[in-house]
Amino acid sequence: MNTHDVIVIGAGVTGLTAAWRLAEAGQEVVVLEARDRVGGRLRTDVTDQAGAPASFEIGGQWVSPDQDALISLLAELGLPTYPRHRDGDSLYVGRDRAARRFAEDLPVSPSTRAAIAELTKKLDELAAAMDPARPWELADARHLDSISLRTWLEEQCDDAEARDNIALYLGPAMLTKPAHAFSALQAVQMAASAGSFSNLLDADVILDRRVVGGLQSVPIELARRLGDRVRLGQDVTHVAWTEEGVVVHVGDDAYAARRLVVAVPPTVVRRIRFTPELPAEQRIAREHQSFGLVVKVQAMYPTPFWRADGLDGTAFGPYELVHEAYDNTPEGESRGVLVGFVSDVNADAVGALDAEERRERILDALATYFGEQARHPIAYVESDWQHQELTGGAYGTSFDLGGLTRWGHVLRQPVGPIEFGSSDVAGLGFQHVDGAVRVGTEIAAGLGARATA
Ligand code: FAD
């Protein structure tokens, strides 16, 4: 049995970043990945459904300007980016189900607009007062963690459409859970982790740029640099540990190391048996975490027909099956691609349909925004991560009511020689690739510091 300095479980961005930084520092590292590919929740696929090869982002894809950990990693790896198409008017569908164009101000009544601005200000103030890595330290943390975002919004504002719009940005669009299912504190953490709530509202910030060739290029390039230190098809089922080190079991094979990094989502840690068992608090904390659900849908058309209509492809509506949609045409592609998202309870509803009916319902929903042409794509790709055992949902995990103040501090605590991390436990960049880079970098720095102490 080979003995390493550090074993990393999981070749997502968290695990690969940690492994690469440790390898650079001269440590003997091995990365064990259960899938037959690297990248975890990042996957860029090529299909030829449309007659010629077309590339689709099945998982994460956008980079925002405040995500400086990811941006500097992209620069270091030599991976160029390009901006999302954004010329033209956007569309909003409100309670009357009519699609309205707008350029600057949301086409809602002046009082609803004022109420949205007021709620935005309150959330920005709360987010500014919070360290997203320690949300439980916010002055009013216990109270905010004991009520849902929905309840908090009802306490603050009596304009239903304003509340539903704010809930949309934090619920379906971010945590991918309904606003009654997570706490107001968890919502503020989401905003604080992105710099402010205003940033989450602004598609030009949060969905700013894409990576040429796809965001999976990041883990692919990290893995290329790590070479044969990355082993695919290695589903870790058992970890035996003492204060001195670990033995990691994969089928009949075993790997030994002084340290272990478990770089998988908190909910997926449960698939691994630990001997001795992890402290009860570690298990209980993760039992109160769950993935949100979202189906990401991409439809390709012979041309980006909405552009000819003066539309930028951005559309949203708090009452719509596809609650948000964007122009997702890759740079240099003459065919047009729309991406739409079906989240939380709507994801449950479409999940119950057969494939044909689901496609029809989703294309109908795109047609509410973009008209009849949206019903006739030349390629159609759905990605739904809830059925993948090694992930279990999208985009990331979050706590149920009260969990953040009760157990938030547990998820990053090491146990003996074992560190835990993924984008789901990030402060800045929470649930995003930027958070994965940060967590991977922090874990490596901690291990490097301890190794040389
Ligand atoms: P993961 O990517 O989940 O990696 C964990 C790895 O561990 C996986 O490869 C898994 O196979 C492996 N593993 C698990 N258990 C074991 C085991 N027992 N043994 C061995 N290996 C194991 N983020 C953005 O920044 N921008 C976006 O636009 C964006 N959009 C998204 C859209 C979708 C549909 C999804 C799903 C995610 C999106 N995200 C986005 C989130 C982003 O993809 C994730 O936050 C990030 O990729 C998580 O990286 P990670 O390394 O922490 O975890």
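Up top is the structure these notes are about.
The present account deals with the structure reproduced in this document. Along each chain, residues carry numbers from 1 onward, in the same order as the chain's sequence is written. Where totals are concerned, whole chains, interfaces and linings use all residues; where local detail is concerned, this predicted model gives features only for residues with pLDDT of at least 70, and gives and counts side-chain atom pairs only at 80 or more. Side-chain descriptors were evaluated using all non-hydrogen atoms of the structure, hydrogens and water having been removed beforehand.

A closer look at the pairing of strand β12 (residues 245–250)
(1) Moving on: In this sheet, β12 lies alongside strand β11 (residues 238–242) in antiparallel orientation, the contact comprising five bridges. Paired with Val239 across the strands is Val248, a residue of β12.
(2) Moving on: Any two strands are treated as partners once DSSP identifies two or more bridges connecting them. By definition, any uninterrupted DSSP run of H or I lasting at least four residues is a helix, any uninterrupted run of E lasting at least two residues is a strand, and each is numbered from the N terminus. Counting the residues in the hairpin turn of β11 and β12 gives two residues.
(3) Moving on: In this sheet, strand β13 (residues 253–262) lies alongside β12 in antiparallel orientation, the contact comprising five bridges.

Description of the packing of aromatic side chains
The geometry of two aromatic rings is summed up by the distance between their centres and the angle between their planes.
(1) Moving on: Pairing of aromatic rings covers Phe, Tyr and Trp, the last counted by its six-membered ring, and requires centre-to-centre distances within 6.5 Å; plane angles under 30 degrees mean stacked, over 60 mean edge-to-face, and any other angle means tilted. If you walk through the whole model with that rule in mind, you get twelve aromatic pairs.
(2) Moving on: Ring centres of Tyr301 and Trp306 lie 6.1 Å apart, and the angle between their planes is 80°; on these two criteria the pair is classed as edge-to-face.
(3) Moving on: Between Phe341 and Tyr395, the aromatic rings sit 6.2 Å apart at their centres with planes inclined by 70°, giving edge-to-face as the arrangement. Linking Phe341 in strand β19 (residues 336–343) with Tyr395 in the loop between β20 (379–384) and β21 (397–399), this pair joins segments that are 54 residues apart in sequence.
(4) Moving on: Between buried and exposed lies partly exposed: a residue is buried under 20% and exposed over 50% of the maximum accessible area for its type, with that area taken using a 1.4 Å probe on protein chains only. On the accessibility criterion, Tyr395 (26% relative accessible area) is partly exposed.
(5) Moving on: Taken together, Tyr301, Phe305, Trp306, Tyr369 and Phe370 form an aromatic cluster joined through their ring pairs.
(6) Moving on: We call a charge positioned above a ring when the Lys NZ or Arg CZ atom is no farther than 6 Å from the ring centre and deviates by at most 35 degrees from the ring normal. Across from the ring centre of Tyr380, 5.0 Å away, lies the NZ or CZ of Arg359, which sits over that ring.

Re the site of the ligand
(1) Moving on: Here, proximity means that at least one heavy atom of the residue falls within 4 Å of the molecule or strand. Taken together, 37 residues lie near the ligand, and Thr14, Glu33, Arg41, Ser423 and Val433 sit nearest.
(2) Moving on: Residue Thr14 places a side-chain N or O atom 2.7 Å away from an oxygen atom belonging to the ligand.
(3) Moving on: Exposure was quantified through the Shrake-Rupley algorithm and a 1.4 Å probe, taking into account, for residues, occlusion by the shown protein chains and nothing else. In isolation the ligand offers 1000 Å² of accessible surface; the protein chains occlude 98% of this area.
(4) Moving on: Elements supplying a minimum of two residues to the shell around the ligand: α1 (13–24) and α17 (433–452).
(5) Moving on: Three residue categories are used. Nonpolar comprises Ala, Val, Leu, Ile, Met, Phe, Trp, Tyr, Cys and Pro, charged comprises Asp, Glu, Lys and Arg, and polar comprises the others, including Gly. Split into classes, the residues belonging to the shell around the ligand amount to 19 nonpolar, 13 polar and five charged. Any pair of nitrogen or oxygen atoms within 3.5 Å is treated as a polar contact; in protein, a donor-acceptor pairing is required on top of that, and neighbouring residues in sequence qualify only through side-chain atoms on both sides.

Looking at the sheet that holds strand β18 (residues 324–327)
(1) Moving on: What the seven strands build is an open sheet, ordered β8-β7-β17-β18-β19-β16-β20; its pairing is mixed. On the outer flanks of this sheet lie β8 (99–102) and β20, each paired with one strand and no other. Between one strand and the next, the sheet's axes are offset by a mean angle of 20°, whatever the strand orientation.
(2) Moving on: Here eight bridges tie strand β16 (residues 294–301) to β19, and the two strands are oriented antiparallel to one another. Each residue of the ladder has a partner; that of Ala299, found in β19, is Leu338.
(3) Moving on: Residue contacts are counted whenever heavy atoms from the two residues lie within 4.5 Å of one another. Axis definition: a line fit to C-alpha positions, over the contact stretch in the case of helices; interaxial angles, taken between N-to-C directions, run 0 to 180 degrees. The strands touched by helix α6 (residues 160–175) within the sheet are β7 (89–93), β17 (311–316), β18 and β19, with β17 carrying the most contacts at an inclination of about 100°.

Notes on the side chain of Ser148
(1) Moving on: Structurally, Ser148 is set in the loop between α4 (141–146) and α5 (149–156).
(2) Moving on: There is a polar contact of 3.0 Å between the side chain of Ser148 and the side chain of Thr151.
(3) Moving on: Aside from chain neighbours lying at most four places away, what touches Ser148 is Ala179, His180, Phe182, Ser183, Ala184 and Leu401.

Describing unusual backbone geometry
(1) Moving on: Note the cis peptide between Thr275 and Pro276, where omega equals -5°.
(2) Moving on: Positionally, Pro276 belongs in the loop between β14 (273–275) and α12 (280–287).
(3) Moving on: Look at the link from Ala394 to Tyr395: it is a cis peptide, with omega at 0°.

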